[in-house]
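Working through the structure, step by step
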Amino acid sequence: MSPVSRGFTGRRRPVADASRLPPGQYEERGFPVLAAGPTPHTPLEAWSFRIDGAVDSAVSWTWDELLALPAETPTVDIHCVTKWSKFDTLWKGVSVDTLLAGVSSEAGYLTAWSDGGYTTNLPLDDVTDGKAWVAYEYAGEPLHPEHGGPARLLVPHLYFWKSAKWVRGLTLTLGDEPGFWETYGYHNRGDPWLEQRYQGD
Ligand SMILES: Nc1nc2c(c(=O)[nH]1)N[C@H]1C(S)=C(S)[C@@H](COP(=O)(O)O)O[C@H]1N2
Ligand SMILES: [Mo]
């Protein structure tokens, strides 16, 4: 008589759409905070975003200049390597395509770097063609400092460690140079659908 919910125990509720859950992940309805260090607090007057490295000439934007660029409002699912996934997160930010539009480069990769020293590496192909943003709003509010405000990288199709919080720039590189977690054994690319959690996966 009473319906049995098979396969679900404890506080984990049934997944609304299991086909959106990559292998080994569970659906999280809260928004966990994960960081390897303390939350930096850079004043917006001192904030800038810079694209440099293997480029013909570096470009940078002040906070006001970033906000003046055309923005997008992606709704995306996010997947943390610690196994939580969160569906339908709503962001506002500038597409990396827009930031790279005036940049001429032979680079195949980039290192995103952040206030506080965090870095993560990505193939250029994983941040172009509408796949990544520099996001400064979450759920209609300015991005909370704990979640990477004033601005973070958002690369939702890869594990969330690639979405560098407090991001300040992208350094383009000719070769793939491991970032913070990648140096500690995490996978270089981190596709959640291929369960690329650690080197060798
Ligand atoms: N600067 C910085 N960005 C970071 C991290 C970090 O430690 N420092 N952690 C990464 C990891 S492992 C995850 S899962 C997400 C967590 O983002 P959240 O705290 O908004 O959930 O941020 C990523 N970006
Ligand atoms: Mo993570």
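Residues numbered from 1 in each chain as written. Chains lettered and ligands numbered in written order. Predicted model: local features only at pLDDT ≥ 70, side-chain atom pairs only at ≥ 80, totals over all residues. Heavy atoms only, no water.

As for the site of ligand 1
The immediate surroundings of ligand 1 are formed by 20 residues, with Pro32, Ala36, His147, Arg152 and Lys165 found nearest. In the model, an oxygen atom of ligand 1 is placed 2.8 Å from a nitrogen or oxygen of the arginine 152 side chain. The side chain of lysine 165 places a nitrogen or oxygen atom 2.6 Å from an oxygen atom of ligand 1. Isolated, ligand 1 exposes 530 Å² of accessible area, and the fraction of that covered by the protein chains is 96%. Taking a 2 Å distance to the grid points as the criterion, the majority of the atoms of ligand 1 fall inside the largest pocket. (Near = heavy atom within 4 Å. Polar contact = N/O pair within 3.5 Å; in protein donor to acceptor, adjacent residues only side chain to side chain. Areas by Shrake-Rupley, 256 points an atom, 1.4 Å probe, with all protein chains shown as cover. 1 Å grid on protein atoms, 1.4 Å probe; cavity = no way out; pocket = protein on both sides within 12 Å on 5 of 7 lines; lining within 4 Å. Sits in = over half its atoms within 2 Å of the grid points.)

Comments concerning the environment of serine 48
Relative to the elements of secondary structure, serine 48 occurs in strand E2 (residues 48-53). With 12 residues separating them in the primary sequence, serine 48 and serine 60 have C-alpha atoms 6.6 Å apart. Contacts of serine 48, omitting those with residues within four sequence positions, involve Trp61, Thr62 and Arg168. (Helix = DSSP H or I, 4+ residues; strand = E, 2+ residues; numbered from the N terminus. Contact = heavy atoms within 4.5 Å.)

A closer look at the pairing of strand E8 (residues 133-138)
With respect to burial, E8 is a largely interior element, five of its six residues being buried. Sheet analysis places strand E5 (residues 84-95) next to E8, joined by five bridges and oriented antiparallel. Across the sheet, residue serine 95 finds its bridge partner in E8, namely tryptophan 133. Pairing analysis gives three bridges linking E8 to strand E10 (residues 152-154), with the strands arranged antiparallel. By the bridge assignment for E10, valine 134 is matched with leucine 153. Two strands pair when backbone bridges link them, and E8 and strand E9 (residues 141-142) are joined in this way by two bridges, in the antiparallel orientation. Directly across from glutamate 137, in E9, lies its bridge partner proline 142. Remark: two residues form the turn of the hairpin made by E8 and E9, two consecutive strands paired antiparallel; alanine 139 in that turn has positive phi of roughly 50 degrees. (Buried < 20%, exposed > 50% of the residue type's maximum accessible area, 1.4 Å probe, protein only. Pairing = 2+ DSSP bridges.)

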